[in-house]
Amino acid sequence: MPRRWVTAVACLLALVALACESGGEAAPRPTGSAAPGAGGIAALGDSITAGLGSCLLLTACQRNSWSTGNSLRVDSHYRRLLDQDPAVRGRAYNHARAGARAEGLAAQAERAVQDRPDRVTVLIGANDVCRGGVEAMTPVSTFRSQVDRGLRVLRKKRPKARVLVVSIPDLYRLWEIGHTDERAVRAWRRGICPALLTNPTSTDPLDRARRATVRERVDAYNAQLAAACKAYGSRCRYDSGALHRVRFTLELVNTLDWFHPNAAGQDRIAEVTWRAWGRAT
């Protein structure tokens, strides 16, 4: 390829990358120029809330986040709040990180309280399942203690903030709809969520049992998320399993890893979880 074409392609890829939010550990950028004072919304969680894969590259794309995004493609919680109160403009902070597990929730909460948000969303747990094989999944009791630790930070340092804890999506459902699609199977073979997606087309009893174990662990985590939110008190609301009940289709995941939600999937998450705020005091 001529050198001028190599240079052109490199520049194009750089521009595309700039269109997506950085997936690194830099402080989250607000969605606009924030006015002085408290308020707004902060997001805690993992790659789902960071919008991974919802732009053109398999990197974080916070502008498409179901929680704090400002993209016109996603009617996020932030955009809905902005419709209600223009003073919220610029007060959306995303502390979610790709690969984050429940053990990192407290550190995210510590950063979030510095933003002085009035609302905080929490979606965590998929990586506690997907970090490796079944044997590597976070024990349920450990998961609960780590979630409690994160919520305690919010309750202590931002006691009047309203907290929304969101259920983990039905990962088993993703295997159900994708294991017969050659494109998804090829992507999953790169090591995506091995506890669930290793040998995705296998009908061997051991593989079926492994998938069932993953399904049960997600259910157990969701039960603990609900209990942790209840223990938090009246300022916390659980989504009552709304996200977990979503019947995701392949049209709602990106075509890079066939795992993370695309912009349409992010919009769907925002839609089903937004209703839970209505029950909060």
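So, how was this worked out
- Residues numbered from 1 in each chain as written.
- Predicted model: local features only at pLDDT ≥ 70, side-chain atom pairs only at ≥ 80, totals over all residues.
- Heavy atoms only, no water.
- Salt bridge = Lys/Arg side-chain N within 4 Å of Asp/Glu carboxyl O.
- Helix = DSSP H or I, 4+ residues; strand = E, 2+ residues; numbered from the N terminus.
- Buried < 20%, exposed > 50% of the residue type's maximum accessible area, 1.4 Å probe, protein only.
- Expected span 1.5 Å × (residues − 1).
- Contact = heavy atoms within 4.5 Å.
- Disulfide = S-S within 2.5 Å.
- Polar contact = N/O pair within 3.5 Å; in protein donor to acceptor, adjacent residues only side chain to side chain.
- Pairing = 2+ DSSP bridges.
- Axes fitted to C-alpha atoms, helices over the stretch in contact; angles between N-to-C directions.
- 1 Å grid on protein atoms, 1.4 Å probe; cavity = no way out; pocket = protein on both sides within 12 Å on 5 of 7 lines; lining within 4 Å.
- Points joined across faces, edges and corners; volume = space filled by probe spheres on them.
- Nonpolar A, V, L, I, M, F, W, Y, C, P; charged D, E, K, R; others polar.
- Core = buried A, V, L, I, M, F, W, Y, C linked by side-chain atoms within 4.5 Å.
- Phe/Tyr/Trp six-rings, centres within 6.5 Å; stacked < 30°, edge-to-face > 60°.
- Lys NZ or Arg CZ within 6 Å of the ring centre and 35° of its normal.

J.: Help me understand the pattern of salt bridges, please; the structure alone is not making it clear to me.
T.: Two side chains bearing opposite charge may form a pair once their charged atoms approach each other closely. Within this structure, the stated rule accounts for 9 salt bridges. Residue Arg-210 is joined to Asp-207 by a salt bridge in which the shortest nitrogen-to-oxygen separation is 2.7 Å. Of the two residues, Arg-210 and Asp-207 both sit in helix 9 (residues 205–232), 3 residues apart, roughly one turn of that helix. The two residues Arg-210 and Asp-207 agree in class, both being buried. Each of the salt bridges in this network shares a partner with another, and the network as a whole consists of Arg-268, Glu-271 and Arg-275.

J.: Before we go on, may I ask you to explain helix 5 (residues 140–157) in this structure?
T.: For an α-helix, 3.6 residues make a turn, and residues three or four places apart therefore share a direction. An ideal rise of 1.5 Å per residue puts 26 Å on 18 residues; helix 5 measures up with 26 Å between its terminal C-alpha atoms. All of the buried residues along helix 5 are Phe-143, Arg-144, Gln-146, Val-147, Asp-148, Gly-150, Leu-151, Val-153 and Leu-154. On its buried face, helix 5 sits against strand 1 (41–45), helix 3 (105–113), strand 3 (119–123), helix 4 (126–130), strand 4 (162–165) and helix 9.

J.: What am I meant to see in the state of the cysteines here?
T.: Simply put, the disulfide is a covalent bond whose two ends are the sulfur atoms of two cysteines. Under the definition given, this model contains 3 disulfides. Here Cys-229 engages in a disulfide with Cys-236; their sulfurs sit 2.1 Å apart. Of note, the bridge from Cys-229 to Cys-236 carries an S-S torsion of about -120 degrees and is left-handed in sense. Neither residue differs from the other here; Cys-229 and Cys-236 are each classed as buried. The connectivity of the disulfides in the chain is 1-2, 3-4, 5-6, where the numbers refer to bonded cysteines in sequence order.

J.: Before we go on, may I ask you to explain helix 9 in this structure?
T.: In a regular helix each residue adds 1.5 Å, so 28 residues correspond to 40 Å; helix 9 covers 41 Å between its end C-alpha atoms and thus fits that length. Each element contacted by the buried residues of helix 9 is listed here: helix 4, helix 5, strand 4, helix 6 (171–178), helix 8 (194–197) and strand 5 (236–238). Where helix 9 begins, one side-chain oxygen reaches toward the backbone nitrogen of Leu-206, 2.8 Å away; that side chain belongs to Asp-204. At the C-terminal side of helix 9, Gly-233 shows a positive phi close to 120 degrees.

J.: Is there a simple way to think about the side chain of Thr-49 in this case?
T.: By the secondary structure assignment, Thr-49 is in the loop between strand 1 and helix 2 (77–84). You can call Thr-49 buried: its relative accessible area is 0%. Setting aside its immediate chain neighbours within four residues, Thr-49 contacts Ala-43, Leu-44, Ser-65, Trp-66, Ser-67, Asn-94, Ala-96 and Leu-123.

J.: Looking at this structure, how should I read the sheet that holds strand 3?
T.: Hydrogen bonds between backbone atoms are what pair the strands of a sheet, whose relative direction is either parallel or antiparallel. Pairing is parallel in the open sheet, where 5 strands are placed in the order 2-1-3-4-5. Among the strands making up the open sheet, the edge pair consists of strand 2 (92–94) and strand 5. When the angles between neighbouring strand axes are averaged without regard to direction, this sheet yields 15 degrees. By the bridge criterion, 5 bridges tie strand 1 to strand 3 in an arrangement that is parallel. Across the sheet, Ala-42 pairs through a bridge with Val-120, a residue of strand 3. Packed onto the sheet, helix 2 meets strand 1, strand 2, strand 3 and strand 4 and runs at close to 170 degrees relative to strand 1. Against the sheet, helix 3 engages strand 1 and strand 3, with an angle of about 165 degrees to strand 1.

J.: Please explain the layout of surface pockets as it appears in this structure.
T.: Empty space among the atoms becomes apparent when a probe as large as a water molecule is rolled across them. Its volume calculated, the largest pocket comes out at about 200 Å³. Taken together, Asp-46, Ser-47, Ile-48, Leu-52, Ala-126, Asn-127, Cys-130, Ile-192, Cys-193, Asp-257, Phe-259 and His-260 make up the full set of residues lining the largest pocket. Residues belonging to the lining of the largest pocket are distributed by class as follows: 7 nonpolar, 3 polar and 2 charged.

J.: Even after reading the chapter, I still don't get the nonpolar core, so can you show me in this structure?
T.: Most often, soluble globular proteins keep nonpolar side chains buried together rather than apart. Membership of the largest hydrophobic core comes to 50 residues, with the highest contact counts inside it found for Val-122, Val-147, Leu-151, Leu-154, Val-163 and Val-165. At 7 residues, the largest contribution of residues to this core is made by helix 9. Every residue in contact with Val-122, bar those within four places of it in the chain, is listed here: Leu-44, Leu-105, Leu-151, Val-163, Leu-164, Val-165 and Val-166. Counting 21 residues, the second-largest nonpolar core is a separate cluster that includes Leu-123, Leu-164, Ala-270 and Ala-276.

J.: Hey, could you run me through the environment of Asn-254 in this one?
T.: Along the chain, Asn-254 falls in the loop between strand 5 and helix 10 (263–274). Separated by 200 residues in the primary sequence, Asn-254 and Ser-54 place their C-alpha atoms 6.4 Å from one another. In this view, Asn-254 contacts Leu-52, Gly-53, Leu-58, Phe-259, His-260, Pro-261 and Asn-262; residues no more than four positions away in its chain are not counted. One polar contact links the side chain of Asn-254 to the main-chain amide nitrogen of Asp-257, over a distance of 2.8 Å.

J.: Is there a simple way to think about the packing of aromatic side chains in this case?
T.: Where two aromatic rings form a pair, the distance of their centres and the angle of their planes describe that pair. As enumerated under the stated definition, the model contains 2 aromatic pairs in all. Ring geometry for Phe-143 and Tyr-221: centres 4.1 Å apart, planes at 20 degrees, overall stacked. Here Phe-143, found in helix 5, pairs with Tyr-221, found in helix 9; they are 78 residues apart in sequence, far enough to count as distant. Ring centres of Tyr-172 and Trp-175 lie 5.3 Å apart, and the angle between their planes is 45 degrees; this geometry places the pair in the tilted category. Linking Tyr-172 with Trp-175, this pair stays in helix 6, spanning 3 residues, or about one helical turn. Exposure remark for Tyr-172: the relative accessible area of 17% places this residue in the buried category. Relative accessible area serves as the criterion here: at 10%, Trp-175 is assigned to the buried category. If you follow Arg-119 out to its NZ or CZ, it ends over the ring of Trp-277, 4.8 Å from the centre. The ring centre of Tyr-232 lies 5.5 Å from the NZ or CZ of Arg-155, which sits over that ring.

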